[in-house]
Amino acid sequence: MLADTGIWLPIIVIGAMLVGGGRAYARFAKQSWNWAVADAVITKIGKLSMRTHLISGSNRWDTSLNVHLEYLYTAGGEQWKNEHIARWRSTGRKEIHEAEEFRLNNPVGKRFQLLFNPNNPFDSLLNGPRDPTAGSVIATFGLAMAIIALINWIFDPPGVVQIVLLAGGLAACAGAFALTNYPFERPWWFEKSEEEAEKFMQESVSMKQPDGFHQFRTWSD
């Protein structure tokens, strides 16, 4: 009754691993929703640079635009220093313009607020809480993979049924992407000018926030 065990059983195992890994990342991402907020100031903003590196496992080289930024913040009664690398995967005219605009909008001395992990203050986030969507989609994809492989392994259904199962799995992944709850605006304030950020903060006062998450603000020196 069991058909092609050597094919379907490994797929079931891989699917189960994707379910576990995806759900673990989603839980990990949601932990940042309740992180504490700290005042911070930009202490260094680097020049626009290009970085080229060989993609692991291939012969293809990848070139990206980078802006290196350093900042200080106070958390738990201590001062912490951290860094952030803004990266654009393409080197086109549009990306160069966005990178230069990013540098101009985030000069040395600019004050802002960030999230930090109360259990490890060095772990900080400038672009808002992490998004669990990718983890939810991966978990759903793994579950759909495992179910389809299990049905094929036990029942060996005809081709039409397999197509229906595949379509159902893709629909489930699309549903997981659409329904994952991430109640924060994209892009986050750090990608905006200071005036746009202030306007965004004012408009977000009525937005529902998870318990323990404080409203961000930004100001000029």
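Now for a quick tour of the structure. All figures in this text were calculated on a predicted structure; none of them were measured in a lab. (Residues numbered from 1 in each chain as written. Predicted model: local features only at pLDDT ≥ 70, side-chain atom pairs only at ≥ 80, totals over all residues. Heavy atoms only, no water.)

Quick word on helix α1 (residues 5-31)
Under the convention used in this document: Starting at the N terminus, helices and strands are each numbered in turn, a helix being any DSSP run of H or I of at least four residues and a strand any DSSP run of E of at least two. One fewer than the residue count of a helix, multiplied by 1.5 Å, yields its expected span. Contacts were defined at the residue level, with two residues in contact if any of their heavy atoms lie within 4.5 Å.
When the terminal C-alpha atoms of α1 are compared, their 39 Å separation across 27 residues agrees well with the 39 Å that a helix rising 1.5 Å per residue should span. Tucked inside the fold, the buried residues of α1 contact α3 (133-155).

Remarks on a nonpolar patch on the surface
Selection criterion: Each patch is built from salt-bridge-free residues with over 30% relative accessible area, joining like charges within 9 Å and nonpolar side chains (Val, Leu, Ile, Met, Phe, Trp, Tyr) within 5 Å. A 1.4 Å probe and the Shrake-Rupley method give the accessible areas. Residues count as covered only by the protein chains that appear here. For this analysis, a salt bridge means a side-chain nitrogen from Lys or Arg found within 4 Å of a carboxyl oxygen belonging to Asp or Glu. Note on exposure labels: buried denotes an accessible area under 20% of the residue type's maximum, exposed denotes more than 50%, and partly exposed covers the range between, all computed with a 1.4 Å probe on protein chains only.
Where nonpolar side chains cluster on the molecular surface, the patch consists of Leu 9, Val 13 and Met 17 and spans about 280 Å² of accessible area. Along the chain, the position of Val 13 falls in helix α1. Residue Val 13 is classed as partly exposed on the basis of its relative accessible area of 43%.

Considerations on the packing of α1 against α3
So the rule is basically this: Orientation is described by lines fitted to C-alpha atoms, with helices fitted over the stretch in contact, and by angles between N-to-C directions that extend from 0 to 180 degrees. Our angle categories are set so that under 35 degrees counts as roughly parallel, over 145 as roughly antiparallel, 65 to 115 as roughly perpendicular, and the remainder as oblique. Handedness of each helix crossing follows the sense of rotation of the near helix against the far helix: counterclockwise by less than a right angle gives left-handed, clockwise gives right-handed. Each residue gets one label: Ala, Val, Leu, Ile, Met, Phe, Trp, Tyr, Cys and Pro are nonpolar, Asp, Glu, Lys and Arg are charged, and the others, such as Gly, are polar.
Two elements in contact, α1 and α3, have axes separated by 7 Å at closest approach and are oriented at 160°. As judged from the angle between their axes, α1 and α3 are roughly antiparallel. In the crossing of α1 with α3, the sense of the turn from one axis to the other is left-handed. Taken together, the residues that form the contact of α1 with α3 break down as 19 nonpolar, 7 polar and 1 charged.

Some thoughts on the packing of aromatic side chains
Stated precisely, the cut-off is as follows: Any pair of Phe, Tyr and Trp rings, taking the six-membered ring for Trp, is counted once the centres come within 6.5 Å. Such a pair is stacked with planes under 30 degrees apart, edge-to-face with planes over 60 apart, and tilted for the rest.
A full pass over the atoms with the stated rule returns 5 aromatic pairs. Ring plane angle 65° and centroid distance 6.1 Å describe the contact between Tyr 71 and Phe 112, whose orientation is recorded as edge-to-face. Pair noted here: Tyr 71 is in strand β3 (residues 61-75) and Phe 112 is in strand β5 (residues 111-117), with a separation of 41 residues, a long-range link. There is no split in this pair, since Tyr 71 and Phe 112 are both buried. Ring pairing ties together the aromatic residues Tyr 71, Tyr 73 and Phe 112, which thus form one cluster.

Some points on the nonpolar core
Operational definition: Residues grouped as a nonpolar core are buried Ala, Val, Leu, Ile, Met, Phe, Trp, Tyr and Cys residues, joined through side-chain atoms within 4.5 Å.
Ranked by size, the top nonpolar core spans 18 residues in total, and within it Tyr 73 and Leu 114 carry the most contacts. Secondary structure elements with two or more residues in this core: β1 (36-45), β3, β4 (78-88), α2 (93-105) and β5. When residues of this core are assigned to their parent elements, the largest contribution, 6 residues, is made by β3.

Digging into the side chain of Ser 124
Let me state the cut-off plainly: Here a polar contact is taken to be a pair of N or O atoms separated by no more than 3.5 Å, where protein atoms must pair a possible hydrogen donor with a possible acceptor and residues adjacent in sequence count only if both atoms sit in side chains.
Mapped onto the fold, Ser 124 is located in strand β6 (residues 120-125). The exposure class of Ser 124 is buried, given its relative accessible area of 12%. Polar side-chain contacts of Ser 124 include one of 2.7 Å to the side chain of Tyr 71. Polar side-chain contacts of Ser 124 include one of 3.4 Å to the side chain of Asn 82. Not counting chain neighbours up to four residues away, the residues in contact with Ser 124 comprise Tyr 71, Tyr 73, Asn 82, Leu 114, Leu 115 and Phe 116.

Examining the pairing of β5
What counts, and what does not: Any two strands with at least two DSSP-identified bridges between them are counted as paired.
Along β5, 6 of the 7 residues are buried, which leaves the element largely enclosed by surrounding structure. Bridge analysis of β1 against β5 gives 6 bridges, and the strand direction is antiparallel. Paired with Ala 36 across the strands is Phe 116, a residue of β5. Here β5 runs beside β6; their pairing, made up of 3 bridges, is antiparallel. Its bridge partner lying in β6, Leu 115 is registered against Leu 125. In sequence, β5 turns back onto β6 through a hairpin of 2 residues.

Some details on the pattern of salt bridges
For side chains bearing opposite charge, pairing can occur when the charged atoms are close. The final tally for this structure, using the stated rule, is 4 salt bridges. A salt bridge links Glu 70 to Lys 81; its shortest N-O distance comes to 3.5 Å. One end of the pair, Glu 70, is in strand β3; the other, Lys 81, is in strand β4, with 11 residues separating them in the sequence. Arg 103 serves as the salt-bridge partner of Glu 100, at 3.5 Å between the closest nitrogen and oxygen. Placement of both Glu 100 and Arg 103 in helix α2 is noted, with a separation of 3 residues, approximately one turn of the helix.

A short note on helix α4 (residues 159-179)
We count it as follows: Here the arc refers to the directions that run from the helix axis out to each C-beta atom.
An ideal rise of 1.5 Å per residue puts 30 Å on 21 residues; α4 measures up with 30 Å between its terminal C-alpha atoms. Of the positions making up α4, those classed as buried are Gly 169, Cys 173 and Ala 176. One face of α4 carries all of its buried residues, which in axial projection span an arc of 60°. Exposed residues pointing more than 90 degrees away from the buried face of α4 are listed as Val 160, Ile 163, Val 164, Ala 178 and Leu 179. Close packing links the buried residues of α4 with α3.

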